[in-house]
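Coordinate analysis (summary)
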Amino acid sequence: MGGYVKTFMLMAALTALFMGLGAMLGGASGAVIALAIAAAMNVFAYWNSDKAVLSMTGAKAVDETSAPALVRMVNRLADGAGMPRPKVYVIDTDQPNAFATGRNPENAAVAATTGLLRRLSEEEVAAVMAHELAHIRNRDTLIMTVTATFAGAISMLANFALFFGGSRDRPGGMIGTIALMILAPLAAALVQMAISRSREYEADRVGAEICGNPSWLAAALRKIEAFAKGIDNNAAERNPAIAHMFIINPLHAHAHDRLFSTHPNTANRIAALEAMQPVAQSSVSRSSVPRAGARVAPKSGPWA
């Protein structure tokens, strides 16, 4: 419950920051306009965010014909968690990683990279997919879309301040305007990162319960981060705004991305998982996940 309260408080702060920025630019009417813009952007993001993210990453839909082991494994995990079965996608990149998207559990998707399926063990793949299912069950995919939209809108309003100029009637004048342009987007980014990090810890906990063994997810996180430091994820590099959606920051290969990482420290996540006790009955069997190092589909598959 504490994680949800923290997320609510951070989102309230983001909303207040957005409306306050509008008020500083245009008074009371500016705050109302800012709220209207935020509402319109969020409506658009609610209905189209999943399509946009899947397109940006080059994810390809798979089924029981093209990737039978992966799809059956995701279905078994979802069934065991009492969730609707999400659509399954594969991204052709050697960096092991994964993410979930969708506005609600009934309209959700999970995506895994070919590197994840090749480089991780059966249990580790299952744990990663369980983590993504946890994001869906917790509706984190919607929360992160909304926060990303607010953060982008705040940056947009801050840029408008440059064109509107520093009015003498506005507190601080030109100096205040410049400070607003710099500090408002920074504050929005910090709040967005705080929300993302909070939701990752919760998804780790719930994902470990879904797959049945916290040590599987701990081992997966350790491997993914090690590989991510040396293997680029080109789609994420082209679209860094989606980095927060992956289980491990896909931009870790470049040091300048670490300063504002949207993910908590991996060592801390692993320590929290190792402190958990394994669930007595796992909802996944060894036959339901891809073998480590095995091809997930023939060369004619949709991501070949």
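Just above, that's the structure.
Computed from a predicted model, the values in this text were never measured in an experiment. (Residues numbered from 1 in each chain as written. Predicted model: local features only at pLDDT ≥ 70, side-chain atom pairs only at ≥ 80, totals over all residues. Heavy atoms only, no water.)

We now examine the pattern of salt bridges. Side-chain pairs of opposite charge can arise whenever the charged atoms involved come near each other. Applying the stated criterion to the full structure yields 12 salt bridges. Between E64 and R72 there is a salt bridge whose closest N-O contact spans 3.1 Å. Given a relative accessible area of 39%, E64 falls into the partly exposed group. A salt bridge links D94 to R118; the nearest nitrogen and oxygen atoms lie 2.8 Å apart. In this pair, D94 is assigned in the loop between β2 (87–91) and β3 (98–102) and R118 in helix α3 (residues 114–119), connecting sequence segments 24 residues apart. (Salt bridge = Lys/Arg side-chain N within 4 Å of Asp/Glu carboxyl O. Buried < 20%, exposed > 50% of the residue type's maximum accessible area, 1.4 Å probe, protein only. Helix = DSSP H or I, 4+ residues; strand = E, 2+ residues; numbered from the N terminus.)

Attention now goes to the pairing of β3. With 5 of its 5 residues buried, β3 lies for the most part within the structure. Neither face of β3 is exposed, since A98, A100 and G102 on one face and F99 and T101 on the opposite face are all buried. Bridge count between β3 and strand β4 (residues 108–113): 5 bridges; the pairing is antiparallel. Residue pairing for β4: A98 is matched across the bridge by A112. (Pairing = 2+ DSSP bridges.)

The interhelical angle for the contact between helix α7 (residues 214–228) and helix α9 (residues 266–274), taken along N-to-C directions, is 165°, at an axis separation of 8 Å. Comparing their axes, α9 and α7 come out roughly antiparallel. Regarding α7 and α9, the two cross each other, and that crossing is left-handed. Within the contact between the two elements, α7 uses P214, L217, A218, L221, R222 and E225 and α9 uses T266, R269, I270, L273 and E274. When the residues that make up the contact of α7 with α9 are grouped by side-chain class, the tally is 6 nonpolar, 1 polar and 4 charged. (Axes fitted to C-alpha atoms, helices over the stretch in contact; angles between N-to-C directions. Parallel < 35°, antiparallel > 145°, perpendicular 65-115°, else oblique. Left-handed = near helix turned anticlockwise from the far one by under 90°. Contact = heavy atoms within 4.5 Å. Nonpolar A, V, L, I, M, F, W, Y, C, P; charged D, E, K, R; others polar.)

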